[in-house]
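# Geometric and topological summary
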Amino acid sequence: MRRAIFPGSFDPVHYGHIDIGRRASNLFDELIVAVYDKPSKKLVFSPEERMRLTREAFADVPNIVIKGYSGLTVDFCAEVGAKFIVRGLRVFSDFEYEFRMALANQHLSPTIDTVSLITRQEHTFLSSTTVREIASLNGNVSAMVPKHVALALEEKFSTQHNS
Ligand code: ADP
């Protein structure tokens, strides 16, 4: 079985991620969308919330499974028997970071390959940071995330504003 993981923070999942995940699911028998529990970024959603939102976003794709992980991505690959790491590329500035990460992972585990998929043009400027910023200012994110994610953002920021 050709199994790949698509790792990330998914804080929250948006249409850029969803497009990459769906396209990658056509390349492999099974795609594990791997939600990293403690990235070195400030998070809005807990690991459980990020997993729930991500699971709902891919609920209609039978060969996509959502799992949480901590520690090294290559160790998680070994744990689940995945030989490929899928990443998305948006702009040139992504490339340098992704290139360094792919080389570091290659160094740590030479048998695991990184497969980078180029974003669709309409998702070039889409990032979780942008989505969070717009939502925190009460802006409309309905073109960027599915309805259940927009609702979760609304709920999250209304409780933050009221506390
Ligand atoms: P990380 O913290 O690991 O970068 P993210 O959740 O921000 O996690 O992103 C996960 C993956 O999705 C990364 O490979 C990232 O480049 C990719 N990605 C994020 N936004 C987009 C987008 N708009 N189009 C394509 N890929 C994207």
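Just so it is clear, the model here is predicted, and its values are computed rather than measured.

## Overview of the overall build of the chain
The number of helices and strands found in the chain is six helices and five strands. Scanning the chain from its N terminus toward the C terminus, one meets helices and strands in the order β-α-β-α-β-α-β-α-β-α-α. Relative to the globule expectation of 15 Å for 163 residues, the C-alpha radius of gyration of the chain, 16 Å, shows essentially globular dimensions. Buried residues in the chain amount to 47% of all 163 residues. Within the chain, counting contacts between residues at least 6 apart in sequence, those at least 24 apart form 78% of the total. Side chains of the chain give 19 positive and 19 negative charges; the mean places of these two sets differ by 1 Å.

## Quick word on the sheet that holds strand β5 (residues 113-118)
The strands that make up a sheet are held in pairs by hydrogen bonds between backbone atoms, and each pair lies either parallel or antiparallel. Strand order in the open sheet formed by five strands is β3-β2-β1-β4-β5, with parallel pairing between adjacent strands. One side of each edge strand has no neighbouring strand; the edge strands of this open sheet are β3 (64-69) and β5. Averaged over all pairs of adjacent strands, the angle between their axes in this sheet comes to 30°, without regard to strand direction. Across six bridges, strand β1 (residues 3-8) lies against strand β2 (residues 30-36) in parallel orientation. Across the sheet, the residue bridging to I5 is I32, located in β2. Relative to the sheet, helix α1 (residues 15-25) contacts β1, β2, β3, β4 (84-89) and β5, its axis offset from that of β5 by approximately 120°.

## Quick look at the pattern of salt bridges
Scanning the model with the defined rule gives nine salt bridges in all. Ionic pairing is found between R23 and D19, a salt bridge with its closest N-O pair at 2.8 Å. In this pair, R23 and D19 are both assigned in helix α1, four residues apart and thus about one turn of the helix distant. Given the relative accessible area of 11%, D19 is considered buried. The residue D94 makes a salt bridge to R90 at a minimum N-O spacing of 3.0 Å. The exposure class assigned to D94 is buried, which follows from its relative accessible area of 12%.

## Digging into the pairing of β1
Of all six residues that make up β1, five are buried, and the element is covered over most of its length. A crossover connection joins β1 to the parallel β2 through α1; in handedness this β-α-β unit is right-handed. Alignment of β1 against β4, held across two bridges, turns out to be parallel. Following the sheet pairing, I5 is matched in β4 by I85.

## A word on the environment of S128
Locating S128 in the fold gives a position in helix α5 (residues 128-136). Along the backbone, S128 and V44 are 84 residues apart, and their C-alpha atoms lie at a distance of 10 Å. S128 has contacts with D11, P12, H14 and H17, leaving out every residue within four places of it along the chain.

## As for the site of the ligand
Residues in contact with the ligand amount to 17 residues; listed here are only the nearest, S9, K41, G88, T119 and H123. Interatomic distance of 3.1 Å between a side-chain N/O atom of R87 and an oxygen atom of the ligand. A distance of 2.8 Å separates a nitrogen atom of the ligand from a polar backbone atom of L126. Look at the ligand: alone it shows 550 Å² of surface, and the protein chains cover 92% of it. Counting only elements with at least two residues in the shell around the ligand, the list comes to β1, α1 and β4.

Calculation criteria
Residues numbered from 1 in each chain as written. Predicted model: local features only at pLDDT ≥ 70, side-chain atom pairs only at ≥ 80, totals over all residues. Heavy atoms only, no water. Helix = DSSP H or I, 4+ residues; strand = E, 2+ residues; numbered from the N terminus. Rg over C-alpha atoms; globule rule 2.2 N^0.38 Å. Buried < 20%, exposed > 50% of the residue type's maximum accessible area, 1.4 Å probe, protein only. Contact = heavy atoms within 4.5 Å. Lys, Arg positive; Asp, Glu negative; His and termini not counted. Charge placed at Lys NZ, Arg CZ, Asp CG, Glu CD. Pairing = 2+ DSSP bridges. Axes fitted to C-alpha atoms, helices over the stretch in contact; angles between N-to-C directions. Salt bridge = Lys/Arg side-chain N within 4 Å of Asp/Glu carboxyl O. Right-handed = clockwise from strand over helix to strand, strands pointing away. Near = heavy atom within 4 Å. Polar contact = N/O pair within 3.5 Å; in protein donor to acceptor, adjacent residues only side chain to side chain. Areas by Shrake-Rupley, 256 points an atom, 1.4 Å probe, with all protein chains shown as cover.

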